[in-house]
Structure formats: structure tokens, C-alpha cells
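Descriptive analysis of the structure
Okay, here's what each chain looks like letter by letter:
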Amino acid sequence: MKTYLLIWFSSNGARPSEVTRSLMSLGFTPVKGSYDYVYDWGNHVDMDEIVNFGDKVQMTLKDTGVMFKIETVNGIP
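Residues numbered from 1 in each chain as written. Predicted model: local features only at pLDDT ≥ 70, side-chain atom pairs only at ≥ 80, totals over all residues. Heavy atoms only, no water.

**Focus on the pattern of salt bridges**
Formally: Salt bridges, as used here, are contacts in which a Lys or Arg side-chain nitrogen is within 4 Å of a carboxyl oxygen on Asp or Glu. Using a 1.4 Å probe on the protein chains alone, a residue whose accessible area is under 20% of its type maximum counts as buried, one over 50% counts as exposed, and one in between counts as partly exposed.
As enumerated under the stated definition, the model contains two salt bridges in all. The partner of Glu-18 in a salt bridge is Arg-15, and the shortest N-O contact between them spans 3.0 Å. For Lys-69, the salt bridge goes to Glu-71, with nearest N and O atoms at 3.7 Å. According to the relative accessible area criterion, Lys-69 is partly exposed, its value standing at 38%.

Shown next, in the form of C-alpha cells:
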């Protein structure tokens, strides 16, 4: 399973390079295309882990001015 992350920056918020470093520290990888980052769970993940991971993303991005969307799917969305 993979979690895809799409983000929207604010001109009054954190720099994209700062946000990227923070997200990479959570295990995200920047990607080109419809999404900005991907997190690879491997073969199996349960719903509680996904929800808790979403909480970590929210806490990491708090006060950065960044809005985000998370989508977790089996394979490519």
C-alpha cells in the first residue's frame, strides 16, 4: 500500500524546502506527477496505522501554512 500526499503552499508560510525536509523525515519521498510525495507501506498496513500516520503528517505541517490531502491506496491511484 502507498499513501500519496498532495500539498498546497501559502506564500505566508514555510518554504517548500523546509516542508520537504520535514516530510522526508517521516519517510515520504518526493515524486513528479499528480501527487507531490509518496509513502510506501510495503505489503500490509491496518487502518489505525494509516490514521495515526495522518495525525503525524498534520502535526508536522502544523503552523507551516500548508494545506494537504492524503490518499492511501493499493497500487497507483
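**Some points on the pairing of strand β1 (residues 2-8)**
What counts is decided by this rule: The rule for pairing is simple: two strands pair if DSSP sees at least two bridges between them. Strands here are runs of E lasting at least two residues and helices are runs of H or I lasting at least four, both read from the DSSP assignment and numbered beginning at the N terminus.
Taken together, the four bridges between β1 and strand β3 (residues 37-40) define a ladder with antiparallel strand orientation. Opposite Lys-2, over in β3, you have Asp-40 as the bridge partner. Note: β1 against strand β4 (residues 67-73), seven bridges, orientation antiparallel. Its bridge partner lying in β4, Leu-6 is registered against Lys-69.

**So, the packing of aromatic side chains**
Rules: Between rings of Phe, Tyr and Trp, where Trp is taken as its six-membered ring, a pair exists when centres lie within 6.5 Å; planes separated by under 30 degrees are stacked, by over 60 edge-to-face, and by other angles tilted.
This structure, assessed with the given rule, holds seven aromatic pairs. Here Tyr-4 and Tyr-35 contribute two aromatic rings whose centre-to-centre distance is 5.1 Å and whose plane-to-plane angle is 45°, an arrangement assigned as tilted. Placement of Tyr-4 in strand β1 and of Tyr-35 in the loop between β2 (29-30) and β3 is noted, with a sequence separation of 31 residues between them. Each ring, one from Trp-41 and one from Phe-53, has its centre 5.2 Å from the other, and the planes form 75°; the classification is edge-to-face. Remark: Phe-53 occurs in helix α2 (residues 47-61) and Trp-41 occurs in the loop between β3 and α2; sequence separation between them is 12 residues. This pair shows no difference in class: Trp-41 is buried, exactly as Phe-53 is. An aromatic cluster is present here, built from Phe-28, Tyr-37, Tyr-39, Trp-41 and Phe-53 joined pairwise through their rings.

**Remarks on the nonpolar core**
Keep this limit in mind: Buried Ala, Val, Leu, Ile, Met, Phe, Trp, Tyr and Cys residues that are joined via side-chain atoms within 4.5 Å together make up what is termed a nonpolar core. Here a residue-residue contact requires only that any non-hydrogen atoms of the pair lie within 4.5 Å.
Counting 15 residues, the largest nonpolar core has Leu-5, Ile-7, Leu-23, Phe-28, Phe-53 and Val-57 as its most contacted members. Looking at this core, the elements with two or more residues in it are β1, α1 (16-25), β3 and α2. Of all the elements, α2 adds the most residues to this core, at four residues. Setting aside its immediate chain neighbours within four residues, Phe-53 contacts Leu-26, Phe-28, Tyr-39 and Trp-41.

**Topic: unusual backbone geometry**
For Asp-63, which is not a glycine, the phi torsion comes out positive at approximately 70°. Mapped onto the elements of the fold, Asp-63 is located in the loop between α2 and β4. Its relative accessible area of 76% is what places Asp-63 among the exposed residues.

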